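Descriptive structure summary
Below are the chains, spelled out letter by letter.
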Amino acid sequence: MVNHSAAFQPLQAVAVVLRIGSGSFRDGFSVTLQILENGQLTQEHHDLADLPAAPEMLPIYQDWQSLSVENSRKLQAVPTQVTHVADLEEWRQKTTRLEDYCLSWFKHPAFRSLRDRIQANLKVGNDQAIPILLSCRTRDESQDGVLRRLPWHLWDFFSRQPNAEFALLTQFHHQAGSFTFPIRILAIFGSDQGDLQLTKDEKALDELAALGAQLVKRSQPSPKELTHLLFDEGVGIILFFAGHSASQGASGRIQLSETVTVPLRELHQSLTKAVSKGLKLAIFNSCDGLGIADFLTELHVPVIIVMRQPVPDQIAGQFLVNLLKEFALGKVQGKPLCLAVREARDRLEALQSEFPGASWLPTICQNPNQPQLVWQVPIPSESPLAPPLASPLASPLASASSLPRLRPFWRRIPLPLMLGSVVLVGAIAIAILGNSCQFSLFPPSICVSSDPEEEPPTKFISDGRQSVADSKVNLSDPYLLLKQRGIAALSGGKYADAVTSFDLLRGQAKQDKSSSSSDISKMSLTALQDPEVLIYRNNAFVNARYAQNPALPIYTIAVAAPLNLDTGLQIILGVAQAQDVAVRAGINLQVVIANDNNIPSQAQQIAASLSNDPRILAVVGHYTSPNTCEALKIYSPNHLVIISPTSTVVDLPADPDCGGDPNKVFFRTVSTSQVEARSLVRYLITNLNKPQPKIVAFYNRKELFSRDLFRQFVKEIKGANGKIIAEFDLSDPAFDVSQLPPQVRDADALAILPDGQTGNNVAFQKAIDLIKLNDGNKPILGGNTLYLQEVLDQTKDSIVKRLFLAVDWHPKQCGAQKFAQQINDYWGGDLNRRTALAYEAVQAVLPTLAPPISREDIQKKLSNSIATPSAILEGSKISFDAQGDRQEITTRAIVGVNDQLRFELVKDVPCPSPK
């Protein structure tokens, strides 16, 4: 194995080459693995196990290939061709037989080892397309042909690597560069003999004109006219052909009219001229195109899309519609062609009941040196939106008076939507706004504090040009040095350098985490779980990507939480994870971090700052209900949606202290304290066998959340014919925690419902002291604010199996395992509901990001109760009622404490219904 170093560069061309060498289906094949980055060979592996024998592959494949499909785009049969026309059932049976045999072959340990080797050595993320290029040189052309035509996408590597697509290697040659605007297309429509519906292809191409493409169409041209188009006019950037075709050895022929076919070798000189004039992509939406692809490869056409077998006319037409929808016409412009082909091919699975094996046919053939082709729609030069996150000397942000010009432009932007999963986005412009607001995100008016002795909010808000003040995270070297380097590079507009520094930091932390030294392991875990690092890394990356492809805009959200507490960091980790998933999927998500320090007055100041930046479309946060309440007074008049993952007060917006939320911008992914109280009481009665329970309750009478949870708890206890025999105010300075109140002796359980340390931790610490004093004697029903490892670390053995909390998500909950593993992979350990529900908060806004878009549009779309699939619980969804409350969560899971002092699931909720 040869390893070469290669520095990370955003949007580099990445390719994996599988070279199948000597061998046979009877004996197996040798295989070599190569990984290229930016056209350079970085790794080569010769020590791989041989691919296994598959002695029945040839006869099974040949039996399947012998079928002929009616109404296909294949040239009329020649005498040596088999023309047996299959009925549908025979077609299905033979397709299933071949598919089953291929699946069995791919399950061999050699393929599993090859899969693991690729995944272990691939140094890119899901934001980049990865063509898996197959090269077959077995010295037997018939075997090579079968290998190239097999349904390789059935290999489980592709289900595990959603950004990868099977492709065929053409040959190494110079890079041709990506698309430039305007994109010129020459579309040739051949004979429609056999009732081919070529008008479907034509209509799909016509839609490209709306994106500014220069489209030249010719139907059934003569060979002379076609030569003239290719040679004299220049094909431009894309050559498209629809009609009948067939391969002939390492070339092929196309049917121009009912009586005229043309061997491609007769077009050699004109096609060569077209390549010299900029031909970058050839699409032959016709039958049996591998020989055609081989011929075009000789002419150095960089990327070619063909059908590997005879293709039914309906499939060919639908594939083109799907391809253009994914690549050029859809909302996710900027998607690499490789991934667009995968999406378009996958969509053909819906037709396989009528056309078995439909999704096997299209394939992309490309030069491994070739950068990914991306369809670009230029941003008008008169646009008032400056490139986001330009250098620190960028122009100041638009004033309020400029907003009427900004919003119409936003409505014209093609917004990316993340399929399956994911996320919001936005653009940040940094400006010098006077000495007191240098490098600030916000206009001068909000950089000035009303109190001259109060610190301005800008030090608590960052997009990556500075660390957020008062964060609990303290990195040690070398992690701190790498973080500082990354921030400095980002501040200077050196985005690639910033990405490299942040990636090195996380890579080093992952490596050090397995150190035998507990000190090193602990320091590395702290670095790995610093959410600023991953967010700033992706902020730098999307700006680098935007610089290369301005057609893919940047959108902004903010996350507001207390970075001085573990609870706040857990929220930001969820947003960071959601951002990373979005960026890896090609969405330019940018996140602003705001630290409210868990102080209501600071939360309100942060809310004012975020509200005054017109580019921020939504906010995830805050942590506690009191902070959310104060911030809501600012967000609602400014129509800025806030989605809370943790604020649970029942009907919070209607609370007089919260301003009433006149514009109904408040939503939450967490369930209310009513659901929490009901779940705890039911567990006490049913599982702990305490009917008609007598409870001693402890709560903070002065704090909104704690007071509300106690109120809901009283209702549930009374409804169960139980009784609160005593209640105590944790905020009362006279309340003594040196000993338990005497009423505890007569209680069936304690309800300890502390606040979220809003403003200070005095009352919260009293709750921990009470848990210690109980020493495990009475069951304790705790508020969710106790769901912290530090609580267990302080109380230790005194609470084992006697503290119970009600939570909306737990890693071992039914349907949570996949997301729990994702959390562990990102952060090096388990995290709790705050991280998961913050991730969901980002997910919830995704369906609203479709033109027209404004803060008001987002609020209206969130209010219409359309359910979004949840990533944190498979089978679950996210939707809101008229009050902005989460509709799906009607009961909570219960967690207790195990012998290892970890929260464990003791009562699950019913599994989400299958989709």
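Residues numbered from 1 in each chain as written. Predicted model: local features only at pLDDT ≥ 70, side-chain atom pairs only at ≥ 80, totals over all residues. Heavy atoms only, no water.

The subject of this paragraph is unusual backbone geometry. Most of the time, phi is negative for any residue but glycine, and the peptide bond is trans. Look at the link from Asp-477 to Pro-478: it is a cis peptide, with omega at 10°. By the secondary structure assignment, Pro-478 is in the loop between strand 16 (461-462) and helix 13 (479-491). You will see that Asn-689, though not glycine, has its phi angle at about 55°, which is positive. One can find Asn-689 in the loop between helix 20 (673-687) and strand 22 (694-699). (Helix = DSSP H or I, 4+ residues; strand = E, 2+ residues; numbered from the N terminus.)

Turning our eyes to something else, we now look at the packing of aromatic side chains. Within this structure, the stated rule accounts for 29 aromatic pairs. When the centroid spacing of 6.2 Å and the interplanar angle of 10° are considered together, the rings of Trp-152 and Phe-166 count as stacked. Linking Trp-152 in the loop between helix 4 (141-149) and helix 5 (156-160) with Phe-166 in strand 6 (residues 164-169), this pair joins segments that are 14 residues apart in sequence. Phe-166 matches Trp-152 in its accessibility class, with the two residues each being buried. Every member of this aromatic cluster is reached through a ring pair, and the members are Phe-25, Phe-29, Trp-105, Phe-106, Phe-111, Trp-152, Trp-155, Phe-157, Phe-158 and Phe-166. (Phe/Tyr/Trp six-rings, centres within 6.5 Å; stacked < 30°, edge-to-face > 60°. Buried < 20%, exposed > 50% of the residue type's maximum accessible area, 1.4 Å probe, protein only.)

Once that is clear, we can look at the packing of helix 1 (residues 57-65) against helix 4. The N-to-C vectors of helix 1 and helix 4 enclose an angle of 70°; their axes lie 11 Å apart at closest approach. Judged by the inter-axis angle, helix 1 sits roughly perpendicular to helix 4. Facing helix 1, whose interface residues are Leu-58, Tyr-61 and Gln-65, helix 4 presents Gln-143, Val-146 and Arg-149. Split by residue class, the contact of helix 1 with helix 4 holds three nonpolar, two polar and one charged. (Axes fitted to C-alpha atoms, helices over the stretch in contact; angles between N-to-C directions. Parallel < 35°, antiparallel > 145°, perpendicular 65-115°, else oblique. Contact = heavy atoms within 4.5 Å. Nonpolar A, V, L, I, M, F, W, Y, C, P; charged D, E, K, R; others polar.)

Below, the discussion takes up the state of the cysteines. When the sulfur atoms of two cysteines share a covalent bond, that bond is a disulfide. For the structure shown, the criterion picks out two disulfides. Between the sulfur of Cys-629 and that of Cys-658 lies a disulfide, 2.1 Å long from S to S. Between Cys-629 and Cys-658 the disulfide shows an S-S torsion of about -120°. By sign, it is left-handed. Remark: Cys-658 occurs in the loop between strand 20 (641-644) and strand 21 (666-668) and Cys-629 occurs in helix 19 (residues 625-635); sequence separation between them is 29 residues. We classify Cys-658 as buried; its relative accessible area is 1%. In this model Cys-814 forms its disulfide with Cys-911; the gap between the sulfur atoms is 1.8 Å. Of note, the bridge from Cys-814 to Cys-911 carries an S-S torsion of about 110° and is right-handed in sense. (Disulfide = S-S within 2.5 Å.)

A few words on the confidence of the model for the protein. Model confidence for the protein is summarised by a mean pLDDT of 82, while 83% of its residues fall at 70 or above. A low-confidence stretch, residues 77-85 stays under pLDDT 50, and its non-local contacts, those more than four residues away or across chains, total 13 contacts. (pLDDT = per-residue confidence, 0-100.)

What follows deals with the nonpolar core. Ranked by size, the top nonpolar core spans 116 residues in total, and within it Trp-105, Leu-150, Trp-152 and Leu-337 carry the most contacts. If you tally residues by element for this core, the top one is helix 10 (residues 313-329), at eight residues. If we ignore the near neighbours within four places in the chain, the residues touching Trp-152 are Ile-20, Trp-105, Phe-106, Phe-111, Leu-134, Leu-147, Phe-158 and Phe-166. Formed by 77 residues, the second largest nonpolar core is a distinct cluster that contains Val-533, Ile-593, Ala-836 and Leu-849. (Core = buried A, V, L, I, M, F, W, Y, C linked by side-chain atoms within 4.5 Å.)

Attention now goes to helix 13. Taking 1.5 Å of rise per residue, the 13 residues of helix 13 would be expected to cover 18 Å, and the 18 Å separating its terminal C-alpha atoms lies within 8% of that figure. Listed in full, the buried residues belonging to helix 13 are Tyr-479, Leu-482, Lys-483, Gly-486, Ile-487, Ala-489, Leu-490 and Ser-491. Looking at the packing, one finds that the buried side of helix 13 touches helix 14 (495-512), helix 15 (518-528) and helix 16 (531-548). Phi for Gly-493, located one or two positions after helix 13, is positive at around 75°. (Expected span 1.5 Å × (residues − 1).)

Quick look at the pattern of salt bridges now. If the charged atoms of two oppositely charged side chains come close together, the side chains can form a pair. Here the structure, examined in full by the defined rule, presents 34 salt bridges. The salt bridge involving Asp-294 is made with Arg-148; its shortest N-O contact spans 2.8 Å. Of the two residues, Asp-294 is situated in helix 9 (residues 290-298) and Arg-148 in helix 4; the sequence distance between them amounts to 146 residues. When its relative accessible area of 25% is taken as the criterion, Asp-294 is described as partly exposed. For the salt bridge of Arg-892 with Asp-808, the shortest nitrogen-to-oxygen distance reads 3.3 Å. Within this pair, whereas Arg-892 is found in the loop between strand 28 (877-878) and strand 29 (893-897), its partner Asp-808 is found in the loop between strand 26 (803-807) and helix 24 (817-827), the two being separated by 84 residues in sequence. We note that Arg-892, like Asp-808, is buried. Sharing partners across several salt bridges, the network here consists of Asp-63, Glu-90, Lys-94 and Arg-97. (Salt bridge = Lys/Arg side-chain N within 4 Å of Asp/Glu carboxyl O.)

Judged from the four bridges that link them, strand 11 (residues 251-257) and strand 12 (residues 260-263) form a sheet pairing that is antiparallel. Each residue of the ladder has a partner; that of Ser-257, found in strand 12, is Val-260. Taken together, strand 11 and the strand that follows it, strand 12, pair antiparallel across an intervening segment of two residues. (Pairing = 2+ DSSP bridges.)

Here we take up the sheet that holds strand 21. If you walk across this open sheet you meet the six strands as 16-18-17-19-20-21, and the pairing is mixed. Each edge of the open sheet is held by one strand with a lone partner, namely strand 16 and strand 21. As defined by bridge partners, strand 19 (residues 616-621) adjoins strand 20 across three bridges and the pair is classed as parallel. The residue of strand 20 that forms the bridge with Val-620 is Ile-643. Strands strand 16 and strand 18 (589-595) of the sheet are contacted by helix 16, whose axis makes an angle of about 145° with strand 18.

In this section: the sheet that holds strand 22. Strand order in the open sheet made by the seven strands is 23-22-24-25-26-29-30, with mixed pairing throughout. Edge positions in the open sheet fall to strand 23 (723-729) and strand 30 (903-907), since each of these has one partner strand only. Going from strand to strand, the sheet's axes swing by 30° on average, the running direction of each strand aside. As judged from the four bridges shared by strand 29 and strand 30, these two strands associate in the antiparallel manner. Residue Val-897 lies in a different strand from strand 30, and its bridge partner there is Phe-903.

With that out of the way, let us pick up the pairing of strand 4 (residues 40-45). The two faces of the sheet receive side chains in turn, since in a regular strand these alternate between them. Bridge count for strand 3 (residues 28-37) against strand 4 is five bridges, and the pairing is antiparallel. Across the sheet, the residue bridging to Ile-35 is Gln-43, located in strand 4. Remark: two residues form the turn of the hairpin made by strand 3 and strand 4, two consecutive strands paired antiparallel; Asn-38 in that turn has positive phi of roughly 55°.

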